[in-house]
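Fold and geometry: a report
Spelled out, the chains give:
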Amino acid sequence: MDTFSEPYTRAGDDVSLDAVREQVRALEDAHRANGVPLSGRIVHVCHYIPVVPSLVARAPTPAAAGVLSPPPTPPVVPGDVPPSPSDEAASSAEQQTQRGHQEQPAGQKRWKLAPRYGHAAMFSGIRSLSATHEQLIVGWTGDIVSVSDPGTPSSEENVTQSGERVPQGQVSQADKDALEAELVGYDEDGQVGRHKIEYIPVWLEDKVAHGHYEGYCKTTLWPLFHYLLWQDVATEYASVDANYQEYEQANQAFASRLASVIKPGDVVWVHDYHLLLVPRLLRAVMGERGAELVIGLFVHTPFPSSEVFRCLPRRKEILEGMLGANLVCFQTYSYSRHFLSTCVRVCGHETTSRTVPAPTLPANKPCCSSSCTSSPSASATATATSMVLNAEKYVGVDVHGHFVAVGHCPVGVDAQRVKRDTLRPGVQPKLDA
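This one's a predicted model, so the numbers in the text were calculated from it and none came from an experiment. (Residues numbered from 1 in each chain as written. Predicted model: local features only at pLDDT ≥ 70, side-chain atom pairs only at ≥ 80, totals over all residues. Heavy atoms only, no water.)

Helix and strand content of the chain: 15 helices and 13 strands. Within the chain, the proportion of its 433 residues that are buried is 39%. Within the chain, counting contacts between residues at least 6 apart in sequence, those at least 24 apart form 83% of the total. Surface accessibility of the chain: about 23300 Å² in total, with carbon and sulfur atoms responsible for 55%. (Helix = DSSP H or I, 4+ residues; strand = E, 2+ residues; numbered from the N terminus. Buried < 20%, exposed > 50% of the residue type's maximum accessible area, 1.4 Å probe, protein only. Contact = heavy atoms within 4.5 Å. Areas by Shrake-Rupley, 256 points an atom, 1.4 Å probe, with all protein chains shown as cover.)

Right, let's get into the nonpolar core. Grouped together as the largest cluster of nonpolar side chains are 59 residues, with contacts concentrated most on Y247, L276, L282, I318, M322 and F339. Element by element, the count of residues in this core is highest for helix α6 (residues 206–225), at eight residues. When residues no more than four places from it in sequence are discounted, the contact partners of F339 are F303, L319, M322, L323, V328, F330 and V406. If you look at the next biggest cluster of nonpolar residues, it comprises 20 residues, including V51, M122, I137 and L183. (Core = buried A, V, L, I, M, F, W, Y, C linked by side-chain atoms within 4.5 Å.)

A word on the environment of L323. Mapping L323 onto the fold places it in the loop between α11 (315–322) and β10 (327–330). Judged by its relative accessible area of 2%, L323 falls in the buried class. With 46 residues separating them in the primary sequence, L323 and L277 have C-alpha atoms 8.9 Å apart. Not counting chain neighbours up to four residues away, the residues in contact with L323 comprise F339, C343, H349, V397, V399, H402 and V404.

Here strand β5 (residues 144–147) shows no split at all, with I144 and S146 on one side and V145 and V147 on the other all buried. Pairing of strand β2 (residues 51–56) with β5 involves three bridges; the strand directions are parallel. Looking at the pairing, S54 lines up with V145 of β5. Two elements, β5 and strand β6 (residues 164–166), share three bridges in a ladder whose sense is antiparallel. Paired with S146 across the bridge in β6 is E164. (Pairing = 2+ DSSP bridges.)

Note that H44 resides in strand β1 (residues 41–48). A relative accessible area of 3% means that H44 is categorised as buried. Among the polar contacts made by the side chain of H44, one reaches the side chain of Q135 at a distance of 2.7 Å. If near-sequence neighbours (up to four positions away) are discounted, H44 is found in contact with I126, L129, Q135, L136, I137, V138, W269 and H271. (Polar contact = N/O pair within 3.5 Å; in protein donor to acceptor, adjacent residues only side chain to side chain.)

Let us now look at the sheet that holds strand β3 (residues 111–115). If you trace the four strands from one edge of the open sheet to the other, you get β3-β2-β5-β6, paired in mixed fashion. Where the open sheet ends on each side, the last strands, each with one partner, are β3 and β6. Each adjacent strand pair in this sheet contributes to an overall mean axis angle of 40°, direction not counted. Against the sheet, helix α5 (residues 173–183) contacts β2 and β3, and its axis sits at roughly 50° relative to β3. (Axes fitted to C-alpha atoms, helices over the stretch in contact; angles between N-to-C directions.)

This part covers the packing of aromatic side chains. The tally for this structure, following the rule as stated, stands at 14 aromatic pairs. The interplanar angle of 55° and the centroid separation of 6.2 Å between the aromatic rings of W111 and W203 together place this pair among those described as tilted. Of the two residues, W111 is situated in strand β3 and W203 in the loop between β7 (197–202) and α6; the sequence distance between them amounts to 92 residues. Accessibility classification places W111 together with W203 in one group, the buried group. (Phe/Tyr/Trp six-rings, centres within 6.5 Å; stacked < 30°, edge-to-face > 60°.)

All of the buried residues along helix α9 (residues 278–286) are V278, P279, L281, L282, R283 and M286. In this structure, the buried side of α9 is in contact with α8 (244–259), β8 (267–271), β9 (294–298), α11 and β13 (402–408). Just downstream of α9, G287 is the residue with a positive phi angle, here 65°.

All right, on to the confidence of the model for the chain then. The share of residues in the chain with pLDDT of 70 or more is 69%, and the mean pLDDT across the chain is 79. This stretch, residues 364–389, has a pLDDT under 50; its non-local contacts, to residues over four places away or in other chains, come to 30 contacts. (pLDDT = per-residue confidence, 0-100.)

Another aspect to go through is the packing of α8 against α9. Each packed pair of helices is defined by two parameters, the angle between the axes and the distance between the axes. For the pair α8 and α9, the least separation of the axes is 9 Å and the interaxial angle reads 50°. What the angle tells us is that α8 and α9 run oblique. Crossing hand, α8 versus α9: right-handed. Contacts between α8 and α9 involve E248, N251, Q252, F254, A255, S256, L258 and A259 on the former and, on the latter, V278, L281, L282, V285 and M286. Split into classes, the residues belonging to the contact of α8 with α9 amount to nine nonpolar, three polar and one charged. (Parallel < 35°, antiparallel > 145°, perpendicular 65-115°, else oblique. Left-handed = near helix turned anticlockwise from the far one by under 90°. Nonpolar A, V, L, I, M, F, W, Y, C, P; charged D, E, K, R; others polar.)

What the rule picks out here adds up to 11 salt bridges. Residues R41 and D266 are paired through a salt bridge, measuring 2.6 Å at the closest nitrogen-oxygen approach. Here R41 is found in strand β1, whereas its partner D266 is found in the loop between α8 and β8, with 225 residues between them in sequence. An identical accessibility class is assigned to R41 and D266; each is buried. When the shortest N-O distance is used, the salt bridge between D241 and R314 registers 3.0 Å. Remark: R314 occurs in the loop between α10 (306–309) and α11 and D241 occurs in the loop between α7 (236–240) and α8; sequence separation between them is 73 residues. (Salt bridge = Lys/Arg side-chain N within 4 Å of Asp/Glu carboxyl O.)

Here we take up the sheet that holds β8. Pairing in this open sheet of nine strands is mixed, and the strands run β7-β4-β1-β8-β9-β10-β13-β12-β11 from one edge to the other. The sheet terminates laterally at β7 and β11 (350–356), the two strands that pair on one side only. Direction aside, the axes of adjacent strands within the sheet are offset by 25° on average. Where β10 meets β13, four bridges bridge the pair, whose relative direction is parallel. When the bridges of β13 are listed, F330 appears paired with H408.

Here is the structure:
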């Protein structure tokens, strides 16, 4: 039952995915022709990588397990007496814990990788770009869990149920390097476009990771963005500001990790409220190269009115971090208007508009394929490409000469088509099952 094989019935919805890709390709070629460096890579910055890495536990050596051999006959000379075997075993076990690894048998992997569930829509959208672009996903590893059988966990739920949490400080550098090596070429479902997705893990200390997520993100930012103000009036400032230090440290760790993998011409997309400081911190870490970065920030949550956002003690720091981007995007028009008014009232910046002329397309555009003229989607492609030729007007914020465009990109479904699809044969029995 492939409902998407049917044509769209509403005007304006008949632009195919191929036409959109053709539009993007034409625009990128035009930028390159005008001297704008583009690497063809999109670097996504997310709270988690969509992979659950589990550390494969090894069976301890007999000495490390406390199984001792009988000591030899004591020597005659007291000075020749060797250290106690129990001391040697304890020292060996301690060194093993500090190293966090042993010599790995040839061919045996150090990590078990499983898909992480959650934010499926976002990662599905990211993967769809693999047909045309190289992509990197930079994100936290999550809590590391140790599993005894490398073949046991096949999902995040199985990992958490069968494994024992490993403190981040006990994961050795060799194991961290092994994870990066094993993530190369990882593909959870075998459905890969022309380009692979590269996963870049960010390592956070346990205190920082949980103070950042369970602390500042979940107890301060998330309630505020959903108009849920704090109830403890007597200790309001202390309670809502308690984990800001961990929030900033986590964002700094993301920015530093990003700086190590970014290449000239990359497009950086920062996702959601967990990483609102990253745009500003990344430019600072990159130094002189920071001014050349192209950074987008998409906020997947609501953004409250300025009257509500002003209740946040760190309101200015959060806004200045977001304004390090070139584009700040929200899900609805009202959220973008709230952000603009908040920047004016909290930071004192001015809103402005800027008209950006579209680059001149090369002579062989808009159609770069010899089959375009005979394709059924040729008219749709021409329509989509002609949109690129028009000058675009952006509304944004002037931050001391740095223009930050502010927009909205609604994400949703075709409600009429979904309603119609529920009446198709075979659907109702599944709903009743």
